[in-house]
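Each chain, letter by letter, is given below.
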Amino acid sequence: MFHKKAPLGRDTGRLCHRHQRESFRRGQGEPFTKRFPCTLEENMLKLRRMNKQMFKMLYEELASEFGPLEGWWPAASAFERVAGAILVQQTRWENVARVLGEMKRRGLMGPGAIAALPIAELEAIVRPAGFYRNKARSLQGIARFLVANPDVFERPAEGLRAELLALRGVGDETADVLVLYVAGEPSFVVDAYARRTLKCLGIEGNYRQLQEVFHREMPCDAGVYQHYHALLVEHGK
């Protein structure tokens, strides 16, 4: 996969597809301790610079492989993205597309229509996406929230994220998807593809810890975050 530019480490072409764990410092040409015979503070500064370089190099490699990925997540409305973010949990996008298509056919692609729909009818529509009872209630819950708060995606990112996390069926990943792709605010999505790739590079942690690494090492730009997220998903497939 990483074959168009200088490699990130040893055998990076198989890095993530075989889920092998490789430290980024391997292949640098000399032992870690020899390269950093400085004070702890100086060493930490150099490590941070290495991380910044690694994240940018990974982004450049993936961008070279997959390109700009414009229109990667086609959606006719903000609510279509909201519905997609709820429905895609623990299922394939193909199943979500079936549900979204049926919602469009029935004229239900709006929070008001979903909020007013009998729950049994919504469950039947959502069934192809799996976990249909939970997802129907989560989708209707967020639809009712949007009806009551039509300007919610215009609010500051941190407050918006907290409000979304208080809703049924919305965890860290879904909240960040909505903040990034609907509100257009820079909040990186650490999904399974991102975690898998970082683990291959020797970087592990909980959701917020990994997100902080992305926020620290990459420019704070929603467009960059969207592109990087899309690249990691395409690479992970």
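The numbers attached to residues start from 1 for each chain and follow its sequence in the written order. Restriction of local features to residues with pLDDT of at least 70 applies here, the model being predicted, together with a cutoff of 80 or more for giving and counting side-chain atom pairs; totals for whole chains, interfaces and linings are based on all residues. Side-chain metrics in this entry use all non-hydrogen atoms of the structure; hydrogen atoms and water are not considered.

### Focus: helix 9 (residues 172-182)
Phase 1: Burial here depends on accessible area, computed with a 1.4 Å probe over protein chains only, as a share of the maximum for the residue type. Under 20% is buried, over 50% is exposed, and the range in between is partly exposed. Each helix is a run of H or I in the DSSP string that is no shorter than four residues. Each strand is a run of E no shorter than two, and both are numbered from the N terminus. The buried count for helix 9 comes to 9 of 11 residues, which makes it a mostly enclosed element.
Phase 2: In this description, contact between two residues means that some pair of their heavy atoms is separated by no more than 4.5 Å. Each element contacted by the buried residues of helix 9 is listed here: helix 3 (78-87), helix 7 (132-148), helix 8 (157-165), helix 11 (207-217) and helix 12 (222-236).
Phase 3: Where helix 9 ends, the next residue or the one after it, G184, has phi of about 75°, a positive value.

### What to know about the environment of A120
Phase 1: Looking at the element boundaries, A120 is found in helix 6 (residues 119-126).
Phase 2: In this structure A120 comes out as exposed when scored by relative accessible area, which is 52%.
Phase 3: Distance from A120 to R133, taken between C-alpha atoms, is 8.7 Å for residues 13 residues apart in sequence.

### Some remarks on the confidence of the model for the chain
Phase 1: What pLDDT reports is the predictor's confidence in each residue, on a scale of 0 through 100. For the chain, mean pLDDT is 84; residues scoring 70 or higher make up 78% of the total.
Phase 2: Overall, residues 1-37 carries pLDDT values under 50, and its contacts beyond four positions in sequence, including any with other chains, amount to 69 contacts.

### Topic: the packing of aromatic side chains
Phase 1: Within 6.5 Å between ring centres, the rings of Phe, Tyr and Trp (the latter by its six-membered ring) count as paired, and their orientation is classed by plane angle as stacked under 30 degrees, edge-to-face over 60, tilted in between. This model, assessed by the stated rule, comprises 9 aromatic pairs.
Phase 2: Relative to Y228, the ring of Y59 has its centre 5.0 Å away and its plane inclined at 50°; by these criteria the two rings are tilted. Of the two residues, Y59 sits in helix 2 (residues 40-66) while Y228 sits in helix 12, which places them 169 residues apart along the sequence.
Phase 3: By relative accessible area, which is 18% here, Y59 ends up buried.
Phase 4: Centroid distance F214 to Y228: 5.5 Å. Interplanar angle 85°. Geometry classified as edge-to-face. Taken together, the positions of F214 in helix 11 and Y228 in helix 12 put the pair 14 residues apart, joining distant regions of the chain.
Phase 5: For F214, a relative accessible area of 1% puts it in the buried group.
Phase 6: Of the residues examined, Y228 reaches a relative accessible area of 1% and is grouped as buried.
Phase 7: Three or more aromatic residues link up through ring pairs in this structure, and these residues are F55, Y59, F188, F214, Y225 and Y228.
Phase 8: Whether a charge sits over a ring comes down to the Lys NZ or Arg CZ being within 6 Å of the ring centre and within 35 degrees of the ring normal. Here the guanidinium or amino end of R81 rests over the ring plane of W73, the centre of that ring lying 5.3 Å away.

### Some thoughts on the pattern of salt bridges
Phase 1: Salt bridge criterion: a side-chain nitrogen from Lys or Arg within 4 Å of a carboxyl oxygen from Asp or Glu. Inspection of every chain in the model, using the stated rule, returns 12 salt bridges.
Phase 2: With its nearest N and O atoms 2.7 Å apart, the salt bridge here joins R161 to D176. In this pair, R161 sits in helix 8 while D176 sits in helix 9, placing the two residues 15 residues apart along the sequence. We note that R161, like D176, is buried.
Phase 3: Measuring nitrogen to oxygen at the nearest pair gives 2.9 Å for the salt bridge that ties R216 to E217.
Phase 4: Here the salt bridges do not stand alone but share partners, grouping E102, R105, R106 and E121 into one network.

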